[in-house]
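Chains, contacts and geometry: an overview
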Protein chains: 2
Amino acid sequence: MKLTSKGRYAVTAMIDIALNQDKGAITLSLISERQGISLSYLEQLFSKLKKAGLVSSARGPGGGYRLSRSANGISIGDIIHAVDESVDIRKCGGAANCNGGEECLSHELWTSLSFTIETFLKSITLQDVVDNKETNVIKQVNFG
Amino acid sequence: MKLTSKGRYAVTAMIDIALNQDKGAITLSLISERQGISLSYLEQLFSKLKKAGLVSSARGPGGGYRLSRSANGISIGDIIHAVDESVDIRKCGGAANCNGGEECLSHELWTSLSFTIETFLKSITLQDVVDNKETNVIKQVNFG
DNA sequence: TCATTCTTGAGTGTTTTACTTGGTTATTAT
DNA sequence: ATAATAACCAAGTAAAACACTCAAGAATGA
């Protein structure tokens, strides 16, 4: 399970762009100032966000980053995955060899939890966060 | 967000006890062998599980650990919390000062996610896992 | 009494995290 | 041209966390 500052910073930075995209390309220096994130660290994150196709870039004066598709089309999960954070809680990563070649006793539990988190992150878009829609989320967990 | 081997080991060990509790007290050596977890590491984890009131212990031959209440009454969340793993994803831990005294843009999102995970872990008991009930979990996330 | 088992505290190598440093390359405005 | 801007890139690093090990001690039962 990896959900740390890296993923948080990436999401925060993407929200910043989404909020300001009407002003054209957004520079990392601006994001750095506004969100209190180190510029060099942002560069590393945006290298990955670009490779994942979530943002496009332009160099030189007037340059910066833009979302490469609408904020509705980018999920929080997309961003987290782009910066290499994994939501998989299982030691084996799904290989089911957690205990000397065998599935550990809690394997299915972690599978369920990973799925729950994954589903949550995929269900929320950048636009939802900009609109503060995630504050009204209703969660329901049932056993069959 | 902290969900690592520590929490996984603790849950796996507790499942082991739940599965074998009819045989009386379970020694850490047995759990260590069966689950492939270092004995000394288990000792540390059980020190915390005992402090949290989830297990009781007896020394000497025939001794070992028992669940201090029924497996139905122990949630996975109880175990995770007992070994000091936090499910809170927010940098500020809820203080809402993630960005220089202010809430960061993604604050509410992490609050929602933390709540989702917390709810999941609280809803599943040790007995559910022993019965493999978590494999049939149905997840539903709606926006209001 | 002796083996067993929990109990406790300290130490340790490895990995990860969250950066920093120091550049280079492309683009634009003057 | 040239200077400023801003993305791009590679490497290094201090501190923390992780997943243990090691060593000793104390209670218990056969």
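Residues numbered from 1 in each chain as written. Chains lettered and ligands numbered in written order. Predicted model: local features only at pLDDT ≥ 70, side-chain atom pairs only at ≥ 80, totals over all residues. Heavy atoms only, no water.

Moving on: the pairing of strand E2 (residues 64–67) of chain A. Residues and elements named next belong to chain A. Both strand E1 (residues 55–58) and E2 contribute to a ladder of four bridges, which runs antiparallel. Paired with Ser-56 across the bridge in E2 is Arg-66. The antiparallel pairing of E1 with E2 creates a hairpin that spans five residues between the two strands, and Gly-60 there sits at a positive phi of about 75°. (Pairing = 2+ DSSP bridges. Helix = DSSP H or I, 4+ residues; strand = E, 2+ residues; numbered from the N terminus.)

Taken together, 25 residues form the shell around DNA strand C, and within it A:Gln44, A:Arg59, B:Lys50, B:Ser57 and B:Tyr65 come nearest. The sugar and phosphate moieties of DNA strand C supply 66% of its atoms located within 4 Å of the protein. In this structure, a phosphate oxygen belonging to DNA strand C sits 3.3 Å away from a side-chain N or O atom of A:Thr4. Taking B:Arg59, its side chain carries an N or O atom lying 3.4 Å from a sugar or linking oxygen of DNA strand C. (Near = heavy atom within 4 Å. Polar contact = N/O pair within 3.5 Å; in protein donor to acceptor, adjacent residues only side chain to side chain.)

Here we take up the pattern of salt bridges. Where charged atoms from two side chains of opposite charge approach closely, those side chains can pair. Residues and elements named next belong to chain A. Scanning the entire structure with this criterion turns up four salt bridges over all chains. One salt bridge in this structure joins Asp-16 and Arg-34, with 2.8 Å as the shortest N-O distance. One end of the pair, Asp-16, is in helix H1 (residues 5–20); the other, Arg-34, is in helix H2 (residues 28–35), and 18 residues separate them in sequence. Arg-34 sits in the partly exposed class, given a relative accessible area of 32%. Arg-69 serves as the salt-bridge partner of Asp-78, at 3.4 Å between the closest nitrogen and oxygen. With a relative accessible area of 29%, Asp-78 lands in the partly exposed category. (Salt bridge = Lys/Arg side-chain N within 4 Å of Asp/Glu carboxyl O. Buried < 20%, exposed > 50% of the residue type's maximum accessible area, 1.4 Å probe, protein only.)

Once that is clear, we can look at the protein's contact with DNA strand D. Around DNA strand D lies a shell of 25 residues, among which A:Lys50, A:Ser57, A:Tyr65, B:Ser38 and B:Arg59 are the nearest. Near the protein, within 4 Å, the atoms of DNA strand D are sugar or phosphate in 70% of cases. Between a phosphate oxygen of DNA strand D and a side-chain N or O atom of B:Tyr9, the distance comes to 2.8 Å. Between DNA strand D and the protein, one listed contact pairs a sugar or linking oxygen with a side-chain N or O atom of B:Arg59 at 2.5 Å.

Residue and element names in this part refer to chain A. Within this structure, the stated rule accounts for four aromatic pairs over all chains. Here the aromatic rings of Tyr-9 and Tyr-41 are separated by 5.9 Å at their centres, their planes lie at 90°, and the arrangement is edge-to-face. Remark: Tyr-41 occurs in helix H3 (residues 39–51) and Tyr-9 occurs in helix H1; sequence separation between them is 32 residues. You can call Tyr-41 partly exposed: its relative accessible area is 29%. Their ring planes at 45° and their centres at 4.8 Å tell us that Phe-46 and Tyr-65 sit as a pair that is tilted. On the criterion of sequence distance, the pair formed by Phe-46 in helix H3 and Tyr-65 in strand E2 is long-range, its members being 19 residues apart. Neither residue differs from the other here; Phe-46 and Tyr-65 are each classed as buried. (Phe/Tyr/Trp six-rings, centres within 6.5 Å; stacked < 30°, edge-to-face > 60°.)

By size, the foremost hydrophobic cluster in this structure holds 76 residues, and its most contacted members are A:Phe46, A:Ile76, A:Leu126, B:Phe46, B:Ile76 and B:Leu126. Leave out the neighbours within four places in its chain, and B:Leu126 touches B:Met14, B:Ile15, B:Ala18, B:Leu67, B:Ala71, B:Ile74, B:Ile76 and B:Ile79. (Core = buried A, V, L, I, M, F, W, Y, C linked by side-chain atoms within 4.5 Å. Contact = heavy atoms within 4.5 Å.)

Residues and elements named next belong to chain A. Residue-level pLDDT values for chain A average 86, and 83% of them are 70 or greater. Taking the mean pLDDT of every element in chain A, the minimum, 39, falls on strand E3 (residues 137–142) and the maximum, 98, on E2. With pLDDT under 50 throughout, residues 136–144 is counted as low confidence; its partners more than four residues away or in other chains account for 28 contacts. (pLDDT = per-residue confidence, 0-100.)

Our next topic: helix H2 (residues 28–35) of chain B. Residue and element names in this part refer to chain B. For H2, the set of buried residues is Leu-28, Ile-31, Ser-32 and Gln-35. End-on view of H2: buried residues confined to an arc of 100°, all on one side of the axis. Here the buried face of H2 lies against helix H1 (5–20), helix H3 (39–51) and strand E2 (64–67). Looking one or two residues past H2, Gly-36 carries a phi angle of roughly 65°, positive in sign. (Arc of directions from axis to C-beta.)

Moving on, we get to the packing of H1(B) against H2(B). Each pair of packed helices can be described by the angle between their axes along with the distance between the axes. Residue and element names in this part refer to chain B. Look at H1 against H2: their axes get within 10 Å of each other, and the N-to-C directions meet at 110°. Classified by the interaxial angle, the pair formed by H1 and H2 is roughly perpendicular. In this structure, H1 uses Thr-12, Ala-13, Asp-16, Ile-17 and Asn-20 to contact H2, whose residues at the interface are Ile-31, Arg-34 and Gln-35. Residue composition of the contact of H1 with H2, by class: three nonpolar, three polar and two charged. (Axes fitted to C-alpha atoms, helices over the stretch in contact; angles between N-to-C directions. Parallel < 35°, antiparallel > 145°, perpendicular 65-115°, else oblique. Nonpolar A, V, L, I, M, F, W, Y, C, P; charged D, E, K, R; others polar.)

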